[in-house]
Amino acid sequence: RTRWRIAVAPGDGVGREVMPAAVTALKYLMRDNGPQLELTELEWPATAYHRDHGRMMPEEWRTRLAEFDALLLGALGDPGPSSDAERYRLPDAVSLAPILAIRQGFDQWVCERPAISLEGAPRYLADKRAGAIDMLVIRENSEGEYIGQGGRTARGTGHEVATQVEVFTRFATERLFRHAFERARQRSEERAAGRRPLRFGVKERADAQVCLVTKRNALRHWGEMYTEIFAEVAAEYPGIETHHELVDAACMKFVTSPWRFDVVVASNLQGDILTDLAAVLCGGLGVAPSCNLNPSNRAALPMFEPTHGSAPDIAGKDLADPRAMLLTTAMMLDWMGEEDASASKAAGRLRRAVEADLREHQRESRPGSAIAESILGRIGG
Ligand code: IPM
Ligand code: MN
């Protein structure tokens, strides 16, 4: 493809504040033989839809989204002024958060969340080796703990029981692990070609490594299956070092020595938790990009959305950092770049602009709009 139809959904809360910077950046990057993008804005704020239609997205969301090559999303979901109990309750007609409906509806079976320490980003770890973090957390995105099956019986009585079913299939596990090993190989090739900085911490681990995370000592059945399939897939990649961490120990090691990790692969829920942690090691949710892909079918719609949510607590105050959204936009351009060299170039320009801005302003606190303006100024404002 050389012409791309992009659905742009700012969504709710801070999603609406950070998306304009991404749209303007894309418009600048299209100039001078940049990628050819057709941007279509979708006004799908989940709160308004819920209030007006009792749904979180328009009824025809699936067919509407299927018209596009990619979805760039700010954040979906805004509790409005509701109480805490209400806030986390989905409308009765909805069994999954809209974001999960999109992931599962388009079989976006992998969620990739890179955690790279960028000079000038907030630094929560004291050890200076934290400046050498360059890991990619690969999260299972189609099943596991997130299938939404189970229920409540004897509601409200003293005998109430809630069940939540987790399902792990060999099919989804094999493709996930193979993808993790492919990414590890690709990252090590990029390092060898000088396209990926050789980090200071790299000496403390093998050049290419995949770490499997489970809780196999307690969640035995899927833990065993994951372990077996991991060994089978690893045998296809003799050059890549492997190790296995239990999720609790992985959390600890993320904090004590995150520079030792390269590619990390985890289940849906454990990956969800690990990626917030990984994000904070590298400056927090304000700079953490994310994408949801179906690597086995390039025609399936991918979704690019920052790791952060709609953040209703800071929405409307110009406090949201647009850099996570801009780095997420760069991930979208990377994905296009697999077919369109002009998109790769644009991704590089955008990423360099964000990095240069961070270096210049270090940990200075600035309104979101000021950050956006100075980054946009670097790519052609
Ligand atoms: C994320 C979010 C979602 C998730 C929520 C909103 C359902 O936390 O994208 O990480 O758990 O996947
Ligand atoms: Mn999350």
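Conventions used here
Residues numbered from 1 in each chain as written. Chains lettered and ligands numbered in written order. Predicted model: local features only at pLDDT ≥ 70, side-chain atom pairs only at ≥ 80, totals over all residues. Helix = DSSP H or I, 4+ residues; strand = E, 2+ residues; numbered from the N terminus. Rg over C-alpha atoms; globule rule 2.2 N^0.38 Å. Contact = placed C-beta atoms within 7 Å. Near = placed C-beta within 6 Å. Nonpolar A, V, L, I, M, F, W, Y, C, P; charged D, E, K, R; others polar. Axes fitted to C-alpha atoms, helices over the stretch in contact; angles between N-to-C directions. Parallel < 35°, antiparallel > 145°, perpendicular 65-115°, else oblique. pLDDT = per-residue confidence, 0-100. Core = buried A, V, L, I, M, F, W, Y, C linked by C-beta atoms within 7 Å. Buried ≥ 20, exposed ≤ 12 C-beta atoms within 10 Å, placed from the backbone. Domains from an automatic or database assignment. Pairing = 2+ DSSP bridges. Expected span 1.5 Å × (residues − 1).

**Focus: the overall build of the protein chain**
Reasoning step 1: A count of helices and strands for the protein chain gives 12 helices and 12 strands.
Reasoning step 2: Against the globule reference of 21 Å for 381 residues, the protein chain gives a C-alpha radius of gyration of 21 Å, in line with a compact fold.
Reasoning step 3: Dimensions of the protein chain, computed from C-alpha atoms along their principal axes, come out at roughly 65 × 55 × 40 Å.
Reasoning step 4: Across the protein chain, every contact between residues at least 6 apart in sequence was considered, and the portion connecting residues at least 24 apart equals 77%.

**Describing the site of ligand 1**
Reasoning step 1: Contacts to ligand 1 come from Ala-97, Ile-99, Leu-100, Asp-272, Thr-307 and Gly-309.
Reasoning step 2: Split into classes, the residues belonging to the shell around ligand 1 amount to three nonpolar, two polar and one charged.

**Considerations on the packing of helix H1 (residues 14-30) against helix H12 (residues 368-378)**
Reasoning step 1: Where H1 contacts H12, the two axes come as close as 10 Å, and the packing angle between them is 5°. Accordingly, the angle class assigned to the pair H1 and H12 is roughly parallel. Across the interface between the two elements, Glu-17, Val-18, Ala-21, Thr-24, Ala-25 and Tyr-28 from H1 touch Gly-368, Ala-372 and Leu-376 from H12.
Reasoning step 2: Of the residues contributing to the contact of H1 with H12, the split by class is six nonpolar, two polar and one charged.

**Overview of the confidence of the model for the protein chain**
Reasoning step 1: On average, residues of the protein chain score 92 in pLDDT, and 93% of them are at 70 or above.
Reasoning step 2: Scored as a whole, the predicted complex attains pTM 0.94, and scored at its interfaces, ipTM 0.99.

**Some thoughts on the nonpolar core**
Reasoning step 1: Counting residues in hydrophobic clusters, the biggest one holds 100 residues, and the most contacted among them are Ala-25, Val-264, Val-265, Leu-326 and Leu-350.
Reasoning step 2: The element that contributes the greatest number of residues to this core is helix H10 (residues 323-337), accounting for 10 residues.
Reasoning step 3: Both domain 1 (1-105 + 301-381) and domain 2 (123-282) contribute no fewer than three residues apiece to this core.
Reasoning step 4: In contact with Val-265, other than residues within four places in its own chain, are Ile-138, Leu-176, Phe-177, Ala-180, Val-210, Leu-212 and Val-213.

**Regarding the pairing of strand E3 (residues 70-75)**
Reasoning step 1: Here E3 lies mainly inside the structure; six of its six residues are buried.
Reasoning step 2: Note that E3 and strand E12 (residues 303-304) share two bridges and pair parallel. Its bridge partner being in E12, Leu-72 is matched across the sheet by Phe-304.

**Some details on the sheet that holds strand E8 (residues 209-214)**
Reasoning step 1: The sheet built from 10 strands is open, its strands ordered E2-E1-E3-E12-E11-E4-E5-E10-E8-E9 with mixed pairing. The open sheet is flanked by strand E2 (36-41) and strand E9 (241-246), the only strands paired with a single partner.
Reasoning step 2: Direction of pairing for strand E11 (residues 291-293) relative to E12: antiparallel, over a ladder of two bridges. For Cys-291, the partnering residue across the bridge sits in E12 and is Phe-304.

**Description of the environment of Arg-103**
Reasoning step 1: Following the sequence through the fold, Arg-103 ends up in helix H5 (residues 98-105).
Reasoning step 2: For Arg-103, a count of 23 C-beta atoms within 10 Å puts it in the buried group.
Reasoning step 3: It is 7.7 Å that separates the C-alpha atoms of Arg-103 and Met-303, two residues lying 200 residues apart in sequence.
Reasoning step 4: Once residues within four sequence positions are removed from consideration, Arg-103 is found in contact with Gln-108, Asn-141, Asn-292 and Met-303.

**Details of H1**
Reasoning step 1: Spanning 17 residues, H1 covers 25 Å between terminal C-alpha atoms, matching the ideal 24 Å at 1.5 Å per step.
Reasoning step 2: Taken together, the buried positions of H1 are occupied by Val-14, Gly-15, Glu-17, Val-18, Met-19, Ala-21, Ala-22, Ala-25, Leu-26, Tyr-28 and Leu-29.
Reasoning step 3: Against the buried residues of H1 lie strand E1 (3-11), E2, E3, H10, helix H11 (341-361) and H12.

**Considering the domain arrangement of the protein chain**
Reasoning step 1: Parsing the protein chain into structural domains produces domain 1 (1-105 + 301-381) and domain 2 (123-282).
Reasoning step 2: Contact with domain 1, which involves six residues of that partner, is made by seven residues of domain 2.
Reasoning step 3: Taken together, the residues of the side of domain 1 that touches domain 2 sort by class into two nonpolar, three polar and one charged.

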